[in-house]
Structure formats: C-alpha cells, structure tokens
Amino acid sequence: MQEGILRGSPAVQRRAMAKAITLLESTRADHRAQADALLTALLPHTGKALRLGISGVPGVGKSTFIEALGMYLTGQGHRVAVLAIDPSSTVSGGSILGDKTRMEQLSVNPNAYIRPSPSSGTLGGVAEKTREAMLVCEAAGYDVVIVETVGVGQSEIAVHGMTDMYCVLQLPNAGDDLQAIKKGVMERADLVVINKADIDPNAATRAQAQITSSLRLLSMHGNPEHAQHNAALWQPKVLQISALQGQGVREFWQTVQQFQQLQTANGRLAQRREQQALAWMWERIDAGLKQAFRQHPQVQALLPGTLADVAAGRLAASTAARNLLAAQAASAPTAAKSDET
C-alpha cells in the first residue's frame, strides 16, 4: 500500500489511497496498528501541500465552488485532492456521501482525487480521520488539499485547526448586519467569499462592505497586531465570486497565494502547523482515554447499574461520573503492580 501511494501509477495510486483512508477510518484495533505504521512511513513525504479549508452554510455552493477551483488549478498544472465531509444521520448513522456526484467534471479529472467521508458523529464539520487522510494525499504528491466541511453553523471551526487557510463561503443575503459580527466561524476566517454574487450584485456588494468592516472590528478587539494593520501580518479579506459562472476563481487563487507567501515569510505558517500537530496529539489522547475508560473492566461492571440509577433519578449524573472515574482509578495501582510481578 505504501509503495502504491508513493510510486504507483495513477490507477494504482488511487486504489492505494482509497484503501489507506479506509484503513485509517476503521475502528478495529489491528487496523489501527496497521494505520499507525503506514502513517509513520508516509510522514517524511508529507507537508509540502497547501491545505485549504472550505466551510459555509448548507446551500452556499461549496461543492460547485470547489469544482470550479479544482478545474482551474488542474489547468494550471496542480494536483488537487478534495476531502469532502458528509453529515451522518443521527437516526440511522448512515451517510449519503453524495459530494462526488456534484463534482462531475473534477471527479473524472486525472489530476484530481475526491474522497467523501462520513462525519460519523464527529462535531466541528469534519470527520475524525480527516487529518490522517490529508497526510495520505500529500504523500501521494497532491500539492493542494481541500477540506470541504459539512454545512456548518456559527461555531463549527474544527477545520481551522487542520488547514493552512480557512475560507468561509457566504451568501449575498445571509441576514442582517449583526450576523456578520457574530463570533465563531467569522472570527477565525482568513478569507470570506461571497458566492452567487451574480444573482444579486447589489446585495453582494453590500455584504462585502458589511463583512469587511465587521472583520476589521473583530480583529481590532481580538488581535492587537491586526489592529495596527501590520504589513507583515495577514489581514482577512472579502471577495465576491460566482462559482457557477466561473467568475472570480482566478482572483480567489491569487489571494490564496498572497496569503501563503506572506505567512511563509513571517513564519506564521510553520507555527500554525506546529500548533495543529500538538493539538492533534492531545485530541487523540483524549479520544484514547475515553475509549480506555469505557473498556475498563471495573467501569463495565458498574455501568449498567449506574445507568439505571441515573435514568431513574436515584443518582445524580455528576455523582455517577465521579463514582465511575474513582472505580477506574482505584484499580490502576493494582494493575500496575501485577504488571511488575
């Protein structure tokens, strides 16, 4: 699989990438061990791609925009990988994974790779293994990796913690002026793109002006360096485009390149990736501890009765949580002592 990703023919490489990402997404313990070994082997070949996060509300045209951008970039000689996250049903757990069907031209482009993945209950608009999938794409030689989040609201900003540039798509008539200054996605955006500007040019122009002033206000209160408009620091920008008409895509990419050049020169890009890698490690530690807690013998023995007591109102949820944590902690020294003997 490793050789197929690094040195395989286009067809072999695609199959190897698909198998690798499926392996990464598996929850089986033996698959997890294989996936860790694969990532360790691929890691020296990663880190050379531009990681671009695309977010926005449902219906804003993320897939249409990504296809237009992807076709433009492949025409410029780039290799583009798209990791599209599809929401999973809270009832059945299933996911349609239909983003690929909305990118008909890009999906058959030999210089593009599209991988839809289910969110599987993960919050933040991305999937649990999106970071690992990005590394696979980079190792395969894709120099632009785009992460398309699920249709998000005002607080799903997880993609900001795994990409070099975070772009938020907005509609011309997204709401009143107050919407533009709400904290959350707008506060973290490096670039705001007003899509479907051709439908109502006047509304798009008003939205651009409102969001531009709002971003300036947010940066003034949230970052003193931005308030001084330091030329060495990136100032969030607002663009108008029409992805369906192909208008503004070239200008968008030029802005992305400006961001990349500035952030590379001032060292912020490297710093951002270092912080993301450390945050990723702690996130995996948190997930591993939670899984180990659920699988602990003492916890499993107490859990059915505890759940029944909490559900019946005989025991407070906070007390139940402390009891279970105490049961796990009490058996830890015994386990450590038995290991030594």
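Residue positions are counted from 1 within each chain, in the order its sequence is given. Local features in this predicted model are restricted to residues whose pLDDT is 70 or higher, and side-chain atom pairs enter the listing and the counts only when it is 80 or higher, whereas totals over whole chains, interfaces and linings include all residues. With hydrogens and water excluded, all non-hydrogen atoms of the structure serve as input to the side-chain values.

Caption draft 1: Layout of the pairing of strand E2 (residues 80-86). Counted residue by residue, E2 has seven buried out of seven residues, so it is predominantly covered. Three labels apply to residues, based on accessible area from a 1.4 Å probe with only protein chains included: buried if under 20% of the type maximum, exposed if over 50%, partly exposed otherwise in between. Where helices and strands are cited, they refer to DSSP runs of H or I of at least four residues and of E of at least two residues respectively, numbered from the N terminus. Across the two faces of E2 the burial is the same, with Val80, Val82, Ala84 and Asp86 and Ala81, Leu83 and Ile85 all buried. Summarising the sheet, E2 and strand E3 (residues 112-118) pair through seven bridges and their orientation is parallel. Paired with alanine 81 across the bridge in E3 is tyrosine 113. Two strands pair under a simple rule: DSSP has to find at least two bridges between them. Where E2 meets strand E4 (residues 144-148), five bridges bridge the pair, whose relative direction is parallel. Looking at the pairing, valine 82 lines up with isoleucine 146 of E4.

Caption draft 2: Seen up close, the packing of aromatic side chains. Aromatic rings from Phe, Tyr and Trp, with only the six-membered ring used for Trp, were paired whenever their centres fell within 6.5 Å, and each pair was classed as stacked if the ring planes differed by under 30 degrees, edge-to-face if by over 60, and tilted otherwise. Applying the stated rule across the entire model yields three aromatic pairs. The interplanar angle of 90° and the centroid separation of 4.9 Å between the aromatic rings of phenylalanine 65 and phenylalanine 252 together place this pair among those described as edge-to-face. Of the two residues, phenylalanine 65 is situated in helix H4 (residues 62-75) and phenylalanine 252 in helix H10 (residues 249-265); the sequence distance between them amounts to 187 residues. What makes phenylalanine 65 buried here is its relative accessible area of 0%. With a relative accessible area of 0%, phenylalanine 252 lands in the buried category. Consider the rings of tryptophan 234 and phenylalanine 259, whose centres lie 5.2 Å apart with planes at 90°: the pair is edge-to-face.

Caption draft 3: Highlighting the packing of H4 against H10. Following both chains from N to C, one finds H4 and H10 inclined at 75°, their axes separated by 10 Å at the closest point. Our classification of the angle between H4 and H10 gives roughly perpendicular. Here Phe65, Ala68, Leu69, Tyr72 and Leu73 of H4 come into contact with H10, specifically with Val249, Arg250, Phe252 and Trp253. Three residue categories are used. Nonpolar comprises Ala, Val, Leu, Ile, Met, Phe, Trp, Tyr, Cys and Pro, charged comprises Asp, Glu, Lys and Arg, and polar comprises the others, including Gly. Here the contact of H4 with H10 is composed, by residue class, of eight nonpolar, no polar and one charged. Here the axes come from fitting lines to C-alpha atoms, over the contacting stretch only for helices, and the angles between their N-to-C directions go from 0 to 180 degrees. Orientation categories follow fixed angle ranges, with anything under 35 degrees roughly parallel, anything over 145 roughly antiparallel, 65 to 115 roughly perpendicular, and all other angles oblique. In what follows, residue pairs with any heavy atoms lying within 4.5 Å of each other are defined as contacts.

Caption draft 4: Focus on the nonpolar core. Core analysis: the biggest nonpolar cluster contains 41 residues, and Ile5, Met17 and Val136 have the highest contact counts within it. Core analysis: the next-biggest nonpolar cluster, separate from the first, contains 31 residues, Val82, Leu106, Ile241 and Trp253 among them. Remark: nonpolar core denotes a set of buried residues (Ala, Val, Leu, Ile, Met, Phe, Trp, Tyr, Cys) joined through side-chain atoms within 4.5 Å.

Caption draft 5: A look at the sheet that holds strand E1 (residues 50-56). Taken in spatial order, the seven strands line up as E3-E2-E4-E1-E5-E6-E7 in an open sheet, and their pairing is parallel. Of all the strands in the sheet, the pair left with one neighbour each is E3 and strand E7 (237-240). Geometrically, the sheet is characterised by an average inter-axis angle of 20° between neighbouring strands, direction not taken into account. Its contacts with the sheet put H10 on E1, E4, strand E5 (165-170), strand E6 (191-194) and E7, and the angle it makes with E7 is roughly 165°.

Caption draft 6: Just helix H6 (residues 130-139), in detail. Here H6 lies mainly inside the structure; ten of its ten residues are buried. Listed as buried for H6 are Thr130, Arg131, Glu132, Ala133, Met134, Leu135, Val136, Cys137, Glu138 and Ala139. Of the residues flanking the end of H6, it is glycine 141, one or two places downstream, whose phi is positive at about 100°.

Caption draft 7: Structural view of the confidence of the model for the protein. Here the protein averages 84 in pLDDT, while 81% of its residues score no lower than 70. Mean pLDDT values for the elements of the protein range from 47 in helix H9 (residues 224-227) up to 96 in H10. The predictor reports its confidence for every residue as pLDDT, a score running from 0 up to 100. This stretch, residues 334-338, has a pLDDT under 50; its non-local contacts, to residues over four places away or in other chains, come to zero contacts.

Caption draft 8: Fine view of the environment of arginine 188. Looking at where arginine 188 falls in the secondary structure, it is placed in helix H7 (residues 185-188). Each C-alpha atom of the pair arginine 188 and proline 236 lies 9.2 Å from the other, and the pair is 48 residues apart in sequence.

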